[in-house]
Number of protein chains: 2
Amino acid sequence: MLELAILGFLYDTPLHGYELRKRIAALTGHVRPVAESTLYPAIKRLEKAGLLARTTEPGAVAAPRHVLTLTEKGRGELLNRLAEPDRRDITDENRWFTVLAFLRHLPEPAAQADVLRRRLAFLEEPASFFYDGDRPLAAEELDDPFRRGVLTIARATSQAELTWLHATLESLEDAADS
Amino acid sequence: MLELAILGFLYDTPLHGYELRKRIAALTGHVRPVAESTLYPAIKRLEKAGLLARTTEPGAVAAPRHVLTLTEKGRGELLNRLAEPDRRDITDENRWFTVLAFLRHLPEPAAQADVLRRRLAFLEEPASFFYDGDRPLAAEELDDPFRRGVLTIARATSQAELTWLHATLESLEDAADS
DNA sequence: CGAAGATACATCGTCAACGATGTATTGAGA
DNA sequence: TCTCAATACATCGTTGACGATGTATCTTCG
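Note that the coordinates shown come from a computational prediction; the quantities given were computed from them, not determined experimentally.

## Considering the sheet that holds strand E1 (residues 15-16) of chain B
By way of backbone hydrogen bonds, the strands of a sheet pair with one another, either parallel or antiparallel.
Residue and element names in this part refer to chain B.
Consideration 1: Strand order across the open sheet formed by three strands is E1-E3-E2, with antiparallel pairing between neighbours. The open sheet is flanked by E1 and strand E2 (52-57), the only strands paired with a single partner.
Consideration 2: Note: E1 against strand E3 (residues 65-70), two bridges, orientation antiparallel. Residue pairing in the sheet places Leu15 in a bridge with Leu68 of E3.
Consideration 3: The strands touched by helix H1 (residues 2-12) within the sheet are E1, E2 and E3, with E3 carrying the most contacts at an inclination of about 85 degrees.

In structure tokens, the structure reads:
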């Protein structure tokens, strides 16, 4: 998720670590803050894998900056990760939102639609958080107000997302037709 | 999150590892599956910390089972974690849902309400995923349909949750009055 | 009768994330 | 003038999560 965000932000423009940190904090930080001690090792990993390159710029404002640029390999890697997200990128809302935040980088509307369809398939699976044996329970069947809350909220999210998914898929298909 | 779920399930009744695994999978597995190789070490950790005890039952169906029971310390620990969730338990929906799934175990309605109020405060903070400088952007201001989706979905979730939170807080306060 | 799948637990190596801490500079406010 | 916050990066040790793999038994279905 973190790596995807790094690649996603750098796809647009080269950035130094600190700026990247701020952008990632803005994107997902209010929900899931990223520690500094997680970001810098992640940058190193990506650099070691040849996905990004760094050029040291002597201190413009404070300490010297390492400006990070995606390599061609890095650009390809981002597109791969976007086009073929793994199961958890689809199911976990935090990861899914990160995919969505950068999905526009995929050049083909058809490829974008494929990703949306995977999420759609997931949302259409009959699943709950609470079961009576194998049968998923509806909010109305629960006595516990807190568990009822979980289902109420999850259902509202699901509804809103399904509406959006259908609308967006339609306009992507229109774009592909023209 | 995993530890909280283990403590939460065992608070009701002793279970063996495999059954615990199935319940956790039902609770959060469709969103965030938990590997077996994560569960057993987690059980060990909790055991080592004196939060749960295991009694070996000779193989009822298949291999011998380790029936896990919460100790008094374990019961206290669960209540503590529920009453004073850390910041990430409040902000991250996955963790928050786990808190909600077991919040009924807190004996005091006032304590339950305190936890809900922390979530309420978080949801009322003005935050977006996307910014123009410092100003949070609304869905309508974005060209990117995917980013617009993120905001649309997040807003729907937020609305549903706020409605539920207010209603539930009210009924908790009524319960405390009577 | 044999294979497959569910039950039930465990270990190993690796990697990713975290908190704590350190280093250095610049600009703003008290 | 002094301190604090922001800028900018880095390392260290620990913990937590994961995939892969191993070991058994029992049941079910072909």
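## Notes on the relation of the copies chain B and chain A
Consideration 1: The operation relating chain B to chain A is a screw motion whose rotation component is 180 degrees, with 0.0 Å of axial translation and a residual RMSD of 0.0 Å. Such values leave the two copies arranged in the relation of a two-fold axis. Measuring from the rotation axis to each C-alpha of chain B, the shortest distance belongs to Thr157 of chain B, at 2.5 Å.
Consideration 2: The fraction of interface residues of chain B whose copies in chain A are also interface residues reaches 100%, indicating that both copies meet through the same surface.

## As for the environment of Ile24 of chain A
Residues and elements named next belong to chain A.
Consideration 1: Looking at where Ile24 falls in the secondary structure, it is placed in helix H2 (residues 17-29).
Consideration 2: Overall, Ile24 belongs to the buried group, its relative accessible area being 4%.
Consideration 3: Measuring from C-alpha to C-alpha, the distance between Ile24 and Pro145 comes to 35 Å, with 121 residues separating the pair along the chain.
Consideration 4: The contact partners of Ile24, leaving out residues within four places of it in the chain, are Leu2, Ala5, Ile6, Phe9, Gly29, Val34 and Leu39.

## Re the domain arrangement of chain A
Consideration 1: Under the domain assignment used here, chain A contains domain 1 (2-83) and domain 2 (108-177).
Consideration 2: Centre-to-centre separation of domain 1 of chain A and domain 2 of chain A, based on C-alpha positions: 31 Å.

## Remarks on the sheet that holds strand E3 (residues 65-70) of chain A
All names here are of chain A.
Consideration 1: What the three strands build is an open sheet, ordered E1-E3-E2; its pairing is antiparallel. This sheet does not close on itself; its edge strands, each paired only once, are strand E1 (15-16) and strand E2 (52-57).
Consideration 2: Contacting E2 and E3, helix H3 (residues 36-48) runs over the sheet at an angle of about 115 degrees to E2.

## A look at the interface of chain B and chain A
Consideration 1: Taken together, the contacts link 41 residues of chain B with 41 residues of chain A.
Consideration 2: Counting the surface lost from both chain B and chain A, the interface buries some 3800 Å², and carbon and sulfur atoms represent 66% of this.
Consideration 3: Applying the counting rule to chain B against chain A returns four salt bridges.
Consideration 4: Ionic pairing is found between Asp144 of chain A and Arg104 of chain B, a salt bridge with its closest N-O pair at 3.6 Å.
Consideration 5: The tally of links between chain B and chain A comes to eleven residue pairs in polar contact (both at pLDDT 80 or more).
Consideration 6: Only helix H2 (17-29), helix H5 (87-91), helix H6 (93-102), helix H7 (109-124) and helix H8 (145-177) of chain B provide two or more residues apiece to the side of chain B that touches chain A.
Consideration 7: In terms of residues, the side of chain B that touches chain A owes the most to one element, H8 of chain B, which gives 14 residues.
Consideration 8: Here the residues of the side of chain B that touches chain A are counted per class, giving 24 nonpolar, eight polar and nine charged.

## Examining the packing of helix H1 (residues 2-12) of chain A against H2 of chain A
Residue and element names in this part refer to chain A.
Consideration 1: With their axes 10 Å apart at the nearest point, H1 and H2 run at an angle of 115 degrees to one another. Helix-helix and strand crossings are classified by hand; for H1 and H2 the assignment is right-handed. Facing H1, whose interface residues are Leu2, Ala5, Ile6, Phe9 and Leu10, H2 presents Leu20, Arg23, Ile24 and Leu27.
Consideration 2: Per-class residue counts for the contact of H1 with H2 are eight nonpolar, no polar and one charged.

## Examining the pattern of salt bridges
Consideration 1: Scanning all chains against the criterion turns up 37 salt bridges over all chains.
Consideration 2: Among the salt bridges present, the one from Arg81 of chain A reaches Glu3 of chain A, with a minimum N-O distance of 3.1 Å. Linking Arg81 of chain A in helix H4 (residues 72-83) with Glu3 of chain A in helix H1, this pair joins segments that are 78 residues apart in sequence.
Consideration 3: Taking relative accessible area as the criterion, Arg81 of chain A reaches 26% and is therefore assigned partly exposed.
Consideration 4: Classification of Glu3 of chain A by relative accessible area gives buried; the value is 18%.
Consideration 5: Between Asp114 of chain B and Arg117 of chain B there is a salt bridge, with the nearest N and O atoms lying 2.8 Å from each other. Here the residue Asp114 of chain B and the residue Arg117 of chain B both occupy positions in helix H7, the gap between them amounting to three residues, near one helical turn.
Consideration 6: Overall, the relative accessible area of 45% leaves Asp114 of chain B in the partly exposed class.
Consideration 7: On the accessibility criterion, Arg117 of chain B (35% relative accessible area) is partly exposed.
Consideration 8: Here the salt bridges do not stand alone but share partners, grouping Glu3, Arg45, Glu77 and Arg81 of chain A into one network.

About the cut-offs
- Throughout, a residue's number is its position along its own chain's written sequence, starting from 1.
- Whichever chain is written first is A, and whichever ligand is written first is 1; the rest continue in order.
- Residue-level local features of this predicted model are given only where pLDDT is at least 70; pairs of side-chain atoms are given and counted only at 80 or more, and the full residue set underlies all totals for whole chains, interfaces and linings.
- As a rule here, side-chain values cover all heavy atoms of the structure and leave hydrogens and water aside.
- Strand pairing follows a simple DSSP-based rule, namely that at least 2 bridges must link the two strands.
- A helix here means a DSSP run of H or I that spans at least four residues, while a strand means a run of E at least two residues long, and both kinds are numbered starting from the N terminus.
- Contacts are assigned to residue pairs that have any heavy atoms within 4.5 Å of one another.
- To obtain each axis, a line is fitted to C-alpha atoms, and for helices this fit is confined to the stretch in contact; angles are then taken between N-to-C directions over 0 to 180 degrees.
- The copies were overlaid by least squares, fitting only the C-alpha atoms of residues that reach a pLDDT of 70 or more in each copy.
- Each residue gets one of three labels from its accessible area relative to the maximum for its type: buried under 20%, exposed over 50%, partly exposed in between, using a 1.4 Å probe on protein chains only.
- Domain delimitation in this document rests on an assignment produced automatically or drawn from a domain database.
- Each of two parts loses accessible area, computed with a 1.4 Å probe, when they are put together; buried area is these two losses added.
- Criterion for a salt bridge: a side-chain nitrogen of Lys or Arg within 4 Å of a carboxyl oxygen of Asp or Glu.
- What qualifies as a polar contact is a pair of N or O atoms within 3.5 Å, subject to a donor-acceptor requirement within protein and to the restriction that residues adjacent in sequence count only when both atoms come from side chains.
- Lys, Arg, Asp and Glu make up the charged group, whereas Ala, Val, Leu, Ile, Met, Phe, Trp, Tyr, Cys and Pro make up the nonpolar group; the residues left over, Gly among them, are polar.
- By convention, the crossing between two helices is left-handed when the near helix turns anticlockwise from the far helix through less than a right angle, and right-handed when the turn is clockwise.

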